[in-house]
Amino acid sequence: MIKKAYEKYVLPKLLDTCCSTKPINYQRNKVVPNASGTVLEIGIGSGLNIPYYNLSNINKIYGLDPSEELCDLALKNANHYDVEIDFLINGAEEIKIKSKSIDTVLITYTLCSISELKESLKEIKRVMKSDATIEFCEHGIAPDLKVTKWQNRVNPLWSKIFGGCNINRDIPNILSDSGFKIHNLEQMYLPSTPKIVGYNYWGTASI
Ligand SMILES: C[S@@+](CC[C@H](N)C(=O)[O-])C[C@H]1O[C@@H](n2cnc3c(N)ncnc32)[C@H](O)[C@@H]1O
């Protein structure tokens, strides 16, 4: 019961705050404007990407997230923009969208939190058109052993506090192992961010 109350009343605001730092918003601006056509945003959260979409290139946005509370916050954010979002309150393990119907899948700071990652990436692949792309920006395993050690130590507790977020996932390998080709991969520690949570990977992936 305490866990449920935490997830309903505390976690959404915590995620909204932690994901709105200046360096993270700077990252959003590197990937979100690349989205075009019919877009599926996986783990839309509180809608922090909405201001960064180039709306003139977008036909439709589906915003998927298992958290009703976060979707409510995203809807409030969307109301400030001339954009209509179809919310799908569900995990990426089951995407209620027709196969081969999506042009861009946008994923920011969400692959860290999906529990059934293999299944979800298979589902993401199913809804993508053959020439669709995934525009992604994620945090994950750092290249320095010292940092990695701390990521592995802290991860169990971190994951409990931050709604299942894992700070030690190898994002490029996870995407490649699921059969995606990665283009333009970039990576770095975000400035003004603790190293254990601040190693970012971003780029484009295709089938
Ligand atoms: C750290 S937040 C990031 C939110 C948003 N993508 C952003 O960039 O601000 C992680 C998000 O993943 C969502 N999430 C957790 N499990 C998920 C799943 N199985 N499928 C899709 N999204 C999931 C959470 O509800 C949360 O909104």
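A brief structural summary. (Residues numbered from 1 in each chain as written. Predicted model: local features only at pLDDT ≥ 70, side-chain atom pairs only at ≥ 80, totals over all residues.)

### Thoughts on the overall build of the chain
Okay, so step 1: Of regular secondary structure, the chain possesses 7 helices and 7 strands.
Okay, so step 2: Walking the chain from its N terminus toward its C terminus, one meets helices and strands in the order α-α-β-β-α-β-β-α-β-α-α-β-α-β.
Okay, so step 3: Over its C-alpha atoms the chain spans a radius of gyration of 16 Å, differing by no more than 12% from the 17 Å that the globule rule assigns to 207 residues.
Okay, so step 4: Principal-axis analysis of the C-alpha atoms places the extent of the chain at approximately 45 × 40 × 30 Å.
Okay, so step 5: Counting across all 207 residues of the chain, residues that qualify as buried make up 39%.
Okay, so step 6: The contacts of the chain with a sequence gap of at least 6 include a subset with a gap of at least 24, amounting to 69%. (Helix = DSSP H or I, 4+ residues; strand = E, 2+ residues; numbered from the N terminus. Rg over C-alpha atoms; globule rule 2.2 N^0.38 Å. Buried ≥ 20, exposed ≤ 12 C-beta atoms within 10 Å, placed from the backbone. Contact = placed C-beta atoms within 7 Å.)

### Section: the site of the ligand
Okay, so step 1: Near the ligand, the surroundings consist of 23 residues, among which G43, G45, G91, A92 and T108 are the closest.
Okay, so step 2: A breakdown of the residues in the shell around the ligand according to their chemical character gives 11 nonpolar, 10 polar and 2 charged. (Near = placed C-beta within 6 Å. Nonpolar A, V, L, I, M, F, W, Y, C, P; charged D, E, K, R; others polar.)

### Some remarks on the pairing of strand β7 (residues 199-206)
Okay, so step 1: Buried residues dominate β7, accounting for 6 of its 8 residues.
Okay, so step 2: Across 7 bridges, the pairing between strand β5 (residues 128-139) and β7 is antiparallel. Paired with H139 across the bridge in β7 is N200.
Okay, so step 3: By the bridge criterion, 7 bridges tie strand β6 (residues 181-189) to β7 in an arrangement that is antiparallel. (Pairing = 2+ DSSP bridges.)

### Considering the environment of D72
Okay, so step 1: You can see D72 is positioned in helix α3 (residues 68-78).
Okay, so step 2: Between the C-alpha atoms of D72 and G47, which are 25 residues apart in sequence, the distance is 9.2 Å.

### As for helix α2 (residues 22-31)
Okay, so step 1: Every buried residue belonging to α2 is among Q27, R28 and V31, and all of these are buried. In an axial view of α2, the angular spread of the buried residues amounts to 105°, which keeps them on one side of the axis. Relative to its buried face, α2 has exposed residues pointing more than 90 degrees away, namely K22, Y26 and N29.
Okay, so step 2: At its buried positions, α2 is contacted by β4 (102-108), β5 and β7. (Arc of directions from axis to C-beta.)

### A few points about helix α5 (residues 145-161)
Okay, so step 1: When the terminal C-alpha atoms of α5 are compared, their 24 Å separation across 17 residues agrees well with the 24 Å that a helix rising 1.5 Å per residue should span.
Okay, so step 2: Where α5 bends most, at N155, the angle is about 50°, and the proline P156 comes one to four residues later.
Okay, so step 3: Positive backbone phi, approximately 60°, marks G163, located one or two places after α5. (Expected span 1.5 Å × (residues − 1). Bend = angle between axes of the 7 residues up to and from the residue.)

### Considerations on the environment of K195
Okay, so step 1: Topologically, K195 is positioned in helix α7 (residues 195-198).
Okay, so step 2: A residue is classified by how many C-beta atoms lie within 10 Å of it, and K195, with 15 of them, is partly exposed.
Okay, so step 3: Put simply, K195 and V147 are 48 residues apart on the chain and 6.8 Å apart in space, counted from C-alpha to C-alpha.
Okay, so step 4: If we skip the residues at most four places from it in the chain, K195 touches A142, V147 and Y189.

### Observations concerning the packing of helix α1 (residues 2-18) against α3
To characterise two packed helices, one gives the angle between the axes of the helices and the distance between these axes.
Okay, so step 1: Contact geometry for α1 and α3: axes closest at 9 Å, N-to-C directions at 50°. By the criterion of interaxial angle, the relationship of α1 to α3 is oblique. With respect to the hand of their crossing, α1 and α3 are arranged in right-handed fashion. Contacts from K8, P12, L15 and D16 of α1 reach α3 at E69, L70 and L73.
Okay, so step 2: Residue composition of the contact of α1 with α3, grouped by class: 4 nonpolar, no polar and 3 charged. (Axes fitted to C-alpha atoms, helices over the stretch in contact; angles between N-to-C directions. Parallel < 35°, antiparallel > 145°, perpendicular 65-115°, else oblique. Left-handed = near helix turned anticlockwise from the far one by under 90°.)

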